[in-house]
Each structure stands twice: as C-alpha cells, then as structure tokens.
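# Geometric and topological summary
What follows is each chain in one-letter form.
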Amino acid sequence: FPMRSSGNVMTLNKELLPGLFAILGNADNYPIDIHCSIGTDRTGYVCFLISALLGVSEEWLYKDYLFSNFGNIGRMRTTTAVDDYIKTINRCEGDSFAEKTENYLLLNGVSENDIENLRSIMLK
C-alpha cells in the first residue's frame, strides 16, 4: 500500500486512509506486514494511528516511536512527528485520545465499520 513520505506524512496521505483502513479492517488480510524503507515515517504513522485507536496512552505512543532509534536508521528520531500527530488529533472531538483518533479517521473518510472491525481483530 504505497504512501508518500517526503514531507508531512499526515497531510500527504490523508486521502489514503479509507483504503488503508479497509485493508486493516478486513480479517481475511491477516497477518499483515506493515513496513517502509526505515520504519519511522509511514510505518510509524500507521502504527501510531492503530495504537491510538486502540487506547494506547500518549506516553507509550511516544516511547513506541522512539524505539526506532535502536535501529540503523541514519539519524536519531525526535518526538516532532508524534507531537504533530497528537496536536492534530487533539483538535478532534472526543472524551479520550482513542475517541479523538476515531473521529480524526472518520473525518478523513475511514468507515465506522472498518474502525470497529480493526478493533475487533486487534483486541481479540
């Protein structure tokens, strides 16, 4: 599932979210391998959205992203990308970060059915 990576990954790939979550929300597609050339930008964004949707705390979302620094990725990653993700999602309605993430996805065309299916698959 090709995503663009030169620039703000969130902005560049908004229109791809419905297709991506249609794949993630279909149990017949599992197991799924999520990867990109290094694993921090596109992969980091997708894993961030999945984890946030499932209720992972903001603290652990940061930690998960920064684990990338243990690999040979060319340069150390900082929290800037996650800061941007969190700021953007916090502008959405919701009582929890997971609800705000769901609303962010819905606002960007992801179907409620795909969101619920993904939760069901991941939280079995």
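See the structure printed just above.
Residues numbered from 1 in each chain as written. Predicted model: local features only at pLDDT ≥ 70, side-chain atom pairs only at ≥ 80, totals over all residues. Heavy atoms only, no water.

### A closer look at the pattern of salt bridges
Evaluated as defined, the whole model comprises four salt bridges. With a shortest N-O distance of 3.0 Å, Lys63 and Glu59 are connected by a salt bridge. Of this pair, Lys63 and Glu59 both sit in helix H4 (residues 58-66), separated by four residues, roughly a single helical turn. Given a relative accessible area of 48%, Glu59 falls into the partly exposed group. Residue Glu102 is joined to Arg119 by a salt bridge in which the shortest nitrogen-to-oxygen separation is 3.0 Å. In this pair, Glu102 sits in helix H6 (residues 97-107) while Arg119 sits in helix H7 (residues 112-122), placing the two residues 17 residues apart along the sequence. Judged by its relative accessible area of 14%, Glu102 falls in the buried class. Residue Arg119 is classed as buried on the basis of its relative accessible area, which comes to 16%. (Salt bridge = Lys/Arg side-chain N within 4 Å of Asp/Glu carboxyl O. Helix = DSSP H or I, 4+ residues; strand = E, 2+ residues; numbered from the N terminus. Buried < 20%, exposed > 50% of the residue type's maximum accessible area, 1.4 Å probe, protein only.)

### Some words on the packing of helix H5 (residues 80-90) against H6
Packing of H5 against H6 leaves a shortest axis separation of 9 Å and a crossing angle of 80°. With respect to each other, H5 and H6 are oriented roughly perpendicular. Here Ile86, Thr88, Ile89 and Asn90 of H5 lie close against H6, whose contacting residues are Phe97, Lys100, Thr101 and Tyr104. Its residues assigned to classes, the contact of H5 with H6 comprises four nonpolar, three polar and one charged. (Axes fitted to C-alpha atoms, helices over the stretch in contact; angles between N-to-C directions. Parallel < 35°, antiparallel > 145°, perpendicular 65-115°, else oblique. Contact = heavy atoms within 4.5 Å. Nonpolar A, V, L, I, M, F, W, Y, C, P; charged D, E, K, R; others polar.)

### Structural notes on helix H3 (residues 42-53)
The terminal C-alpha atoms of H3, which comprises twelve residues, lie 17 Å apart, in line with the 16 Å expected from a rise of 1.5 Å per residue. With respect to burial, H3 is a largely interior element, ten of its twelve residues being buried. Within the span of H3, buried status applies to Thr43, Gly44, Tyr45, Val46, Phe48, Leu49, Ile50, Ser51, Ala52 and Leu53. Those residues of H3 that are buried lie in contact with helix H1 (9-12), helix H2 (17-24), H4, H5, H6 and H7. At the C-terminal side of H3, Gly55 shows a positive phi close to 95°. (Expected span 1.5 Å × (residues − 1).)

### Here we look at the nonpolar core
Residues Leu17, Phe21, Tyr45, Phe48, Leu49, Tyr104 and Leu105 are the most contacted members of the largest nonpolar core, which totals 27 residues. If one sorts the elements of this core by residue count, H3 sits on top with seven residues. Not counting residues within four places of it along the chain, the set of residues in contact with Phe48 comprises Leu61, Val82, Tyr85, Ile86, Ile89 and Phe97. (Core = buried A, V, L, I, M, F, W, Y, C linked by side-chain atoms within 4.5 Å.)

Any link to function would need more than the numbers given here.
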